[in-house]
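# Per-entry structural report
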Amino acid sequence: MSAPHFVPVATHPELAGHRSLFLDLLGHGLSDRPPDFGYPLEEHAATLATALDHAGVRAADVVAHSMGGGLAVVLAHHRPELVGRLVLVEANLEPSPAPKAGGSGINTYTEARFLASGLAETLDQVGPQWDAGSLTAAGVRALTVPNAGHNVMLDNPEAFARVTAASVTGRARPC
């Protein structure tokens with residue numbers, strides 16, 4: 001999902017006064033795919049850290065979608081001063097390698113293998129809904145955007161903007 005899909009959220013009136021920086025991951029969205037880039041989350045996190053350093057950003061509210069969620073967690077782990085709050089949207093939060101037998105192993109697939117068979121294999125192994133109960137038990141707030149699937153910013157942009165605003169301001173509001 002490329003950064004332009006987040007523009008309606010970032011320009012929503014409830015987020016007025018917040019500076020927004022949009023970054024496509026290298027080789028994703030609208031960004032080129034450099035052949036000399038390795039593409040693990042750690043390399044993407046280092047690139048993101050460089051961009052935030054260059055922009056003079058500290059304690060950012062990082063809103064990250066899909067694979068970007070895993071990247072945001074790596075960024076927060078390696079450069080905690082850069083991240084104030086994480087808003088993870090449809091993120092894969094399984095560590096790599098999986099810490100125990102029975103993990104999906106989704107992070108071990110190459111891109112080609114995941115596209116060919118990995119998604120189906122993963123869903124066969126873990127089921128269609130991944131359990132977020134352990135996150136909630138650890139104090140993570142999980143909010144649902146109604147009438148939306150994986151591409152929530154396209155499926156229901158108004159509700160997604162409200163949930164995002166509530167997440168970065170700390171004020172929970174129903175959709």
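A few points on the structure. Since this is a predicted model, take the numbers as computed values, not measurements.

Take the pairing of strand β2 (residues 83-89) next. As judged from the six bridges shared by strand β1 (residues 60-65) and β2, these two strands associate in the parallel manner. Among the inter-strand pairings, valine 63 is bridged to a residue of β2, identified as valine 87. Taken together, β1, helix α3 (residues 67-78) and β2 form a β-α-β motif whose crossover is right-handed.

Before going further, it helps to examine a nonpolar patch on the surface. Taken together, the side chains of Val73, Leu86 and Leu88 define a hydrophobic patch exposed on the protein surface, amounting to about 190 Å² of accessible area. Inspection of the secondary structure assignment puts leucine 88 in strand β2. Taking relative accessible area as the criterion, leucine 88 reaches 31% and is therefore assigned partly exposed.

Another aspect to go through is the side chain of threonine 164. Structurally, threonine 164 can be placed in helix α7 (residues 157-169). Filtering out sequence-adjacent residues up to four positions away, threonine 164 remains in contact with Val9, Leu15 and Val63.

Reading the values: rules and limits
- Residues numbered from 1 in each chain as written.
- Predicted model: local features only at pLDDT ≥ 70, side-chain atom pairs only at ≥ 80, totals over all residues.
- Heavy atoms only, no water.
- Pairing = 2+ DSSP bridges.
- Helix = DSSP H or I, 4+ residues; strand = E, 2+ residues; numbered from the N terminus.
- Right-handed = clockwise from strand over helix to strand, strands pointing away.
- Patch = residues over 30% accessible without salt bridge, like charges linked within 9 Å, V, L, I, M, F, W, Y side chains within 5 Å.
- Areas by Shrake-Rupley, 256 points an atom, 1.4 Å probe, with all protein chains shown as cover.
- Salt bridge = Lys/Arg side-chain N within 4 Å of Asp/Glu carboxyl O.
- Buried < 20%, exposed > 50% of the residue type's maximum accessible area, 1.4 Å probe, protein only.
- Contact = heavy atoms within 4.5 Å.

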